[in-house]
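# Examination of the molecular architecture
Residue strings, one per chain:
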Amino acid sequence: MQKLKAWLWLSAGVLLWGLSTYGHSESRWNMTEGVTEISRAVYRLHMLIFWVCVGIGIIVFGIMIYSMLMHRKSRGVQAANFHESTLVEIIWTIIPFAILIAMAIPAARTLAQIYQREPAEVTIEVVGYQWKWQYRYVSDANDAKVAYFSTLATPPEQVANKVAKDENYLLEVNEPLVIPANQRVRLLITSNDVIHSWWVPALGVKKDAIPGIVNESWTKVEQTGLYRGQCAELCGKDHGFMPIVVDVREPDEFQTWLAAKQDDARKMAELTNKTWTLTELVDRGEKVYGQFCVACHQVNGMGVEGAFPALKGSLIATGDINKHIDTVLHGVNGTAMQAFEKQLSEVDLAAVITYERNAWGNNMGDMVAPLDIVKFKSGQ
């Protein structure tokens, strides 16, 4: 009897501790409700199923513990000797079946809500790359196309543990996805290389990005602010370095931002036809290299021995210029060298190739103009 009382007091203590800390630790130990109706529906479903499982656990383990304590051999209890009971077997088959059906109803209702299709005010293509995200805003045919890459902005010094890590370590990007508040946003999610997964918990969105397949999702965020997520599918060595940041703005502010982006896109198209100097291309190419190439080939162009080749003095950067263009545009099969044809504009492609041919002592003295990239793509 003393042992039974001890067990009961211990169980009661654990239960009271859990209830007393639940409200304070919910944000650390539990899902958050998020800022969309979908995220709240998922949260409510999660809590409903959680408490059903808690109830089942209490009943099942309660009976087990009670049976072990009250019918143990040391109390002189004799074990019952019976073989089977058809009634009991029917009962323990029907009850779990009924529980599963009861749980399936709200789950199906939530899934139907997640997959419902309605007209959207904004449509965005989300494309996963190793290891960054590209956002393309689908607009009218006459509008300038807005598309940009969102890459990790955490300083390398933090990754290398040379300086203290800030609050949003590995969750900062150079350009977030910008969407309007209180408007339905349609997301068309795919991948350019391997399987990724676009996941923002506060929005209640988690959808795989699969090459050759376009998965559709949607969100309608009710509060402005920054919401962070990550790629949720193991996609390669830098899987942990492709965060997601969604910047939700008031509709008027979003339209102002979109108009500015469209103006930038028009200017970029004009830059393609500009007559560039070698110095201008090298200066721009250094910035492009620092954003897209430095992780593998290093700031000094020496690469990483055994992993990434050096560009300083390499046959690519000092050899045939057309082969250099082809390598940057189409990548190299069987290696980590990606194809940048769809990732960079003609201006940035020309700039980074020109920079590589004239940096770190290569000093080839030649240059690639944006129009050269256009001609190369068209096969001229």
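In this report, we go over the structure that sits alongside the text. Bear in mind that the values here come from a model prediction, so they are computed numbers and not experimental data. (Residues numbered from 1 in each chain as written. Predicted model: local features only at pLDDT ≥ 70, side-chain atom pairs only at ≥ 80, totals over all residues. Heavy atoms only, no water.)

## So, the packing of aromatic side chains
To keep it simple, the criterion reads: Centre distance within 6.5 Å is the pairing criterion for rings of Phe, Tyr and Trp, where only the six-membered ring of Trp is used; planes under 30 degrees apart are then read as stacked, over 60 as edge-to-face, and the remainder as tilted. Only DSSP runs of H or I covering at least 4 residues are called helices, and only runs of E covering at least 2 are called strands; the numbering of each starts at the N terminus. Here's how the labels work: a residue is buried when its accessible area is under 20% of the maximum for its type, exposed when over 50%, partly exposed in between, all with a 1.4 Å probe on protein chains only.
Enumeration over the complete set of coordinates arrives at 13 aromatic pairs. Seen from their ring centres, Tyr 129 and Phe 149 are 5.0 Å apart, and the 65° between their planes marks the pair as edge-to-face. Taken as a pair, Tyr 129 in strand β1 (residues 122–129) and Phe 149 in strand β3 (residues 146–150) lie far apart in primary sequence, 20 residues in all. Under the relative-accessibility criterion, Phe 149 is labelled buried at 7%. When the ring of Phe 149 is compared with that of Phe 292, the centres are 6.0 Å apart and the planes differ by 90°; the resulting orientation is edge-to-face. Residue Phe 149 is located in strand β3, and its partner Phe 292 is located in helix α6 (residues 278–292); the two are separated by 143 residues in the primary sequence.

## Examining the packing of helix α10 (residues 346–358) against helix α11 (residues 370–377)
A pair of packed helices can be characterised by two numbers: the angle between their axes and the separation between those axes. Applied cut-off: Lines fitted to C-alpha atoms define the axes, with helix axes restricted to the stretch in contact, and inter-axis angles between N-to-C directions lie between 0 and 180 degrees. Orientation is classified from the angle alone, with under 35 degrees giving roughly parallel, over 145 giving roughly antiparallel, 65 to 115 giving roughly perpendicular, and any other angle giving oblique. Contacts were defined at the residue level, with two residues in contact if any of their heavy atoms lie within 4.5 Å. By the convention adopted, Pro, Cys, Tyr, Trp, Phe, Met, Ile, Leu, Val and Ala count as nonpolar, Lys, Arg, Asp and Glu as charged, and the other residues, Gly among them, as polar.
For the pair α10 and α11, interaxial distance at closest approach is 8 Å and the crossing angle is 110°. Classified by the angle their axes make, α10 and α11 are roughly perpendicular. Each of Glu 346, Val 347, Leu 349, Ala 350 and Ile 353 in α10 lies in contact with α11, whose residues at this interface are Pro 370, Ile 373, Val 374 and Lys 377. Split by residue class, the contact of α10 with α11 holds seven nonpolar, no polar and two charged.

## Let's talk about the nonpolar core
Our working rule: Working definition of a nonpolar core: buried Ala, Val, Leu, Ile, Met, Phe, Trp, Tyr and Cys residues. They are joined through side-chain atoms within 4.5 Å.
One finds Ile 124, Tyr 135, Tyr 137 and Trp 198 to be the most contacted residues of the largest nonpolar core, which totals 34 residues. In terms of nonpolar packing, the next biggest core, distinct from the first, is built from 23 residues, Tyr 129, Tyr 289, Cys 293 and Leu 311 among them.

## Comments concerning a nonpolar patch on the surface
In plain terms, the rule: Here a patch means residues that are over 30% exposed by relative accessible area and free of salt bridges, tied together within 9 Å if like-charged and within 5 Å if nonpolar (Val, Leu, Ile, Met, Phe, Trp, Tyr). All accessible-area figures derive from a Shrake-Rupley calculation using a 1.4 Å probe, and residue coverage is judged against the displayed protein chains alone. Salt bridge, as used here: a side-chain nitrogen of Lys or Arg that lies within 4 Å of a carboxyl oxygen of Asp or Glu.
A grouping of Ile 56, Ile 59, Val 60, Phe 61, Ile 63, Met 64, Ile 65 and Met 68 is seen on the molecular surface, where their side chains present a nonpolar patch of about 750 Å² in accessible area. Within the secondary structure, Val 60 is located in helix α2 (residues 37–70). On the accessibility criterion, Val 60 (39% relative accessible area) is partly exposed.

## Regarding the pairing of strand β9 (residues 225–231)
How we decide: Pairing between strands requires that DSSP locate at least two bridges from one strand to the other.
As paired elements, strand β6 (residues 196–200) and β9 share two bridges and run antiparallel to each other. Across the sheet, the residue bridging to Trp 198 is Cys 231, located in β9.

## Considerations on the environment of Arg 186
Inclusion rule: Whenever a nitrogen or oxygen atom comes within 3.5 Å of another N or O atom, the pair is scored as a polar contact, on the condition that within protein one atom can donate a hydrogen and the other can accept it, and that pairs from neighbouring residues in sequence are kept only if both atoms are in side chains.
Tracing the chain through its elements places Arg 186 in strand β5 (residues 185–191). The spatial distance from the C-alpha of Arg 186 to the C-alpha of Ala 120 is 5.8 Å, given a sequence separation of 66 residues. When neighbours within four sequence positions are excluded, Arg 186 is seen to be in contact with Ala 120, Val 122, Thr 123, Ile 124, Glu 216, Ser 217 and Trp 218. Within the structure, Arg 186 has its side chain in polar contact with the side chain of Glu 216 (distance 3.1 Å).

## Notes on the sheet that holds strand β7 (residues 205–209)
Pairing in this open sheet of five strands is mixed, and the strands run β4-β10-β9-β6-β7 from one edge to the other. On the outer flanks of this sheet lie β4 (177–180) and β7, each paired with one strand and no other. For this sheet the average axis-to-axis angle between neighbouring strands, irrespective of direction, equals 25°. Both β6 and β7 contribute to a ladder of five bridges, which runs antiparallel. When the bridges of β7 are listed, Trp 199 appears paired with Lys 206. This element, helix α5 (residues 251–272), spans β4 and β10 (243–249) of the sheet and lies at about 135° to β4.

## Here we look at helix α9 (residues 321–330)
Three or more residues of α9 are buried, namely His 324, Ile 325, Thr 327, Val 328 and Leu 329. Looking at the buried positions of α9, the neighbouring elements they touch are α8 (315–318), α10 and α11. Its side-chain oxygen at 3.3 Å from the backbone nitrogen of Asn 322, Asp 320 defines the N-terminal cap of α9.

## Topic: the sheet that holds strand β8 (residues 215–219)
Taken together, five strands build an open sheet; the order of strands is β3-β2-β1-β5-β8 and the sheet is mixed. Every interior strand has two partners, whereas the edge strands, β3 and β8, have only one. Each strand axis lies, on average, 25° off the axis of its neighbour in the sheet, ignoring direction. Two strands pair when backbone bridges link them, and β1 and β5 are joined in this way by seven bridges, in the parallel orientation. What sits directly across from Val 127, in β5, is Thr 190.

## Quick look at the pattern of salt bridges
Taken as a whole and assessed by the stated rule, the structure comprises 16 salt bridges. Residues Lys 237 and Asp 238 are paired through a salt bridge, measuring 3.1 Å at the closest nitrogen-oxygen approach. Accessibility expressed as a relative area gives 53% for Lys 237, which makes it exposed. The residue Asp 348 makes a salt bridge to Arg 284 at a minimum N-O spacing of 2.7 Å. Of this pair, Asp 348 sits in helix α10 while Arg 284 sits in helix α6, and the two are 64 residues apart along the sequence. Salt bridges linked by common partners bring Glu 37, Arg 40, Arg 44 and Glu 222 together as one network.

## Section: the pairing of β8
For a regular strand, side chains alternate in direction, first toward one face of the sheet and then toward the other. The buried fraction of β8 amounts to four of the five residues, a majority that puts the element mostly inside the structure. As paired elements, β5 and β8 share five bridges and run antiparallel to each other. In the strand pairing of β8, Arg 186 is matched with Trp 218.

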